[in-house]
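Coordinate inspection notes
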Amino acid sequence: IMVALTHVLTAFFGLQFLESSINASGGLGQTCVSLVYFPSVLSVTLLSPFLLRRIGPQRLVQVSMVPFIVFTAAHFRVVPAVFLPMCGLLGVFNMMLGTSITVLMACAAIDYAALYGIEPDRVMPRFSSMLYMGLVSAYVTGPIISSLVLHNPGLVGGDNGTRSDGECRNADEVLPLPDKERYVLLSVYMAVGMMGVLISCRLRTASTTSIKAKLASSTTFQQITATMRLVGNLDLVLLIPIFFGSGMLKEVFASNYTSFFVTPCLGVASIGYGTSIFGAANFLTTVLLPLVMKRVNKAALVVMATMMHTTVMLTLMLWRRHANAGLLFSLAVMWGVAEAMWNISTCVMVAIVFPREQEAAMSNFRVWQGLGFALSATYSNRIGGCLHEMRVKFAYTICYCWLAVVAYGLLEWRQRHQKNAIPARKQQ
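To start, this report covers the structure provided alongside it. (Residues numbered from 1 in each chain as written. Predicted model: local features only at pLDDT ≥ 70, side-chain atom pairs only at ≥ 80, totals over all residues. Heavy atoms only, no water.)

1. Concerning the nonpolar core
Judged by nonpolar contacts, the single largest core of 104 residues is most densely connected at F12 and L316. Here this core takes 16 residues from helix 9 (residues 234-266), the largest share from any one element. Those residues within four positions of L316 in sequence are excluded, and the remaining contacts are Y257, F261, L328, L331 and F394. One finds L52, L60, F93 and V103 within the second-largest nonpolar core, a separate group that totals 6 residues. (Core = buried A, V, L, I, M, F, W, Y, C linked by side-chain atoms within 4.5 Å. Buried < 20%, exposed > 50% of the residue type's maximum accessible area, 1.4 Å probe, protein only. Helix = DSSP H or I, 4+ residues; strand = E, 2+ residues; numbered from the N terminus. Contact = heavy atoms within 4.5 Å.)

2. Examining the packing of helix 1 (residues 2-22) against helix 9
Relative orientation of the contacting elements helix 1 and helix 9 amounts to 50°, with a least axis distance of 8 Å. Viewed along their axes, helix 1 and helix 9 adopt a mutual orientation that is oblique. Here helix 1 runs over helix 9; the crossing is right-handed. For the pair formed by helix 1 and helix 9, the contact residues are Q16, F17, S20 and S21 on the first element and F253, A254, S255, T258, S259 and T263 on the second. By residue class, the composition of the contact of helix 1 with helix 9 is 3 nonpolar, 7 polar and no charged. (Axes fitted to C-alpha atoms, helices over the stretch in contact; angles between N-to-C directions. Parallel < 35°, antiparallel > 145°, perpendicular 65-115°, else oblique. Left-handed = near helix turned anticlockwise from the far one by under 90°. Nonpolar A, V, L, I, M, F, W, Y, C, P; charged D, E, K, R; others polar.)

3. Section: the environment of L51
Position of L51 relative to the elements: it lies in helix 3 (residues 47-73). Not counting residues up to four positions away in its chain, the partners in contact with L51 are G56, L60 and M96.

4. What about the state of the cysteines?
In protein chemistry, a disulfide is the covalent bond that joins the sulfur atoms of two cysteines. Summed over the entire model, instances satisfying the criterion amount to 1 disulfide. Between C32 and C87 runs a disulfide, and the two sulfur atoms are separated by 2.1 Å. Judged by the torsion about the S-S bond (-95°), the C32/C87 disulfide is left-handed. Here C32, found in helix 2 (residues 28-43), pairs with C87, found in helix 4 (residues 80-116); they are 55 residues apart in sequence, far enough to count as distant. (Disulfide = S-S within 2.5 Å.)

5. Observations regarding the side chain of S345
Looking at the element boundaries, S345 is found in helix 12 (residues 325-353). A relative accessible area of 0% means that S345 is categorised as buried. Engagement of the side chain of S345 in a polar contact is seen with the backbone oxygen of M341, the distance being 2.8 Å. Setting aside chain neighbours within four positions, we find S345 in contact with K298, L301, V302 and Y408. (Polar contact = N/O pair within 3.5 Å; in protein donor to acceptor, adjacent residues only side chain to side chain.)

6. Topic: the packing of aromatic side chains
This model, assessed by the stated rule, comprises 16 aromatic pairs. Taken together, a centroid distance of 6.1 Å and an interplanar angle of 85° make the contact between F17 and F253 edge-to-face. With F17 in helix 1 and F253 in helix 9, this residue pair connects regions lying 236 residues apart in the sequence. F253 matches F17 in its accessibility class, with the two residues each being buried. Pairwise contacts between aromatic rings join F12, F13, F17, F68, F71, Y139, F253, Y257, F278 and W335 into one cluster. (Phe/Tyr/Trp six-rings, centres within 6.5 Å; stacked < 30°, edge-to-face > 60°.)

7. A few points about helix 11 (residues 298-318)
Each α-helix turn comprises 3.6 residues. Residues three or four places apart therefore point the same way. Under the 1.5 Å per step criterion, the end-to-end length of helix 11 is 30 Å for 21 residues, consistent within 8% with the ideal 30 Å. Along helix 11, the residues that are buried comprise K298, A299, L301, V302, A305, T306, H309, T310, V312, M313, L316 and M317. (Expected span 1.5 Å × (residues − 1).)

As C-alpha cells, then:
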C-alpha cells in the first residue's frame, strides 16, 4: 500500500510544486490547483462513504489512482478546454484516495493483529506511521525527480531561465519550460505513476468483517450529518481557523515560494531541491517531535511554529531578491519544521477533544484545510506576477495565522478549565 501510494503521489506532488511556474500563462496553473482542491471538499463527505460501501476500499484505491495518471498525461499538451476538466476530475478523486487507503490500512492492521494475537490499538499507530512515510516520501521523490531531470544537460539541455548577473527575474519574466524538457519529465512521471497503479492491483486483504460492517451501517447521510453537526460545536469552531490556516500555508509554500522566489532566482530546475528539502525536514520533525510532546505544551508548539512561519514570510517580504540558494533552501527547512509542528499539534488536539468522534472531526479537518488551500490558490491566481500583491498576501496570511493561534489558545484554556472542573464536581 505504502509503495503504491508513493509511486502515484510522486508525480502529483512534483507537478503541484511546478504548476505555478510551468503553467503560469494566464494563471492556468493556479486555476488548476484550485480545481483540484475545491471538489475535494465535497467528495470527502459526499462520495467517499457511498463508494466505500459500494465497491470496497481496495477497489476504490485502484479506481482513485487512475485520475492521477490522466492528470499527468494532460500536461503533455496543455489545452485549457481539456486540462482544466482533468484537474477537476482529479479533485473529485484526490481525497477519496486518502480516505480509501486509510480504511485499507486499518483493515490490514486489524488482520495483522488477529493473525498475531495483538490488540488492534497497539498495531494501528505503526501502520499509520508507515502510511505517513509513504505520503512524505512522495513529497521528497516527486520534486527531486524534477530537479534531476531538468538539471541534466546531457539529457534535456537548455536554459532554465536564470540571469547571469545573479539578479532575480520578475515572476512574469521567467522563460517557459521547453517542450523537450517537459516531455522527458512527464514521461518519467507517467512511468512511475503507472507502476504504482500496477502495484495497487496486486493488493490482497483478508477478511475485514468489522470494517465492512461499520461501513455498511454508516449511510452517506449519517456521515454528512456527523460531519456537519460538529460545526456547531464550540470546540470545533475554535479549531476551524487552524484547519483553514493549515491549507493556506500549504498553498503559500507550494505556489508563492516556488513561483516568486525559487523559479525567478534559481530557475525552475531548482524547485525540486527546495521542496524536497522541505519534505525531508517535515518528515524528520514528524518522527522526532512525538518524543518531546509530553514535555512541551501543545499551544507553545503552535506559537513556535507560527513564529517560524512569520519569520520566513517576513524574510521573503523584505529580502532584496538575488540568487541565494542557501537562504532559500534554509527557509524551506524552517517551513517544513514549522508545518510539522502545526499539523501534529492540531491532530493531537483533535484526538483529545473528540475521542469518540474522530472520524467526523478529521473529515472537518480535511474539508476546511482543502477549502483554505483552494481559496488561497484563487487569490494567488488574482495577483498574477505582481510582487507587491504577493507581499500583501503574505501580510494577510501572517495576521490570519496569529488569529488562529489565539483561537487555539482559547481552546487549550477551555480544555484545562473543563478538566479542572470535573474533580471539583466529583468532590461536591
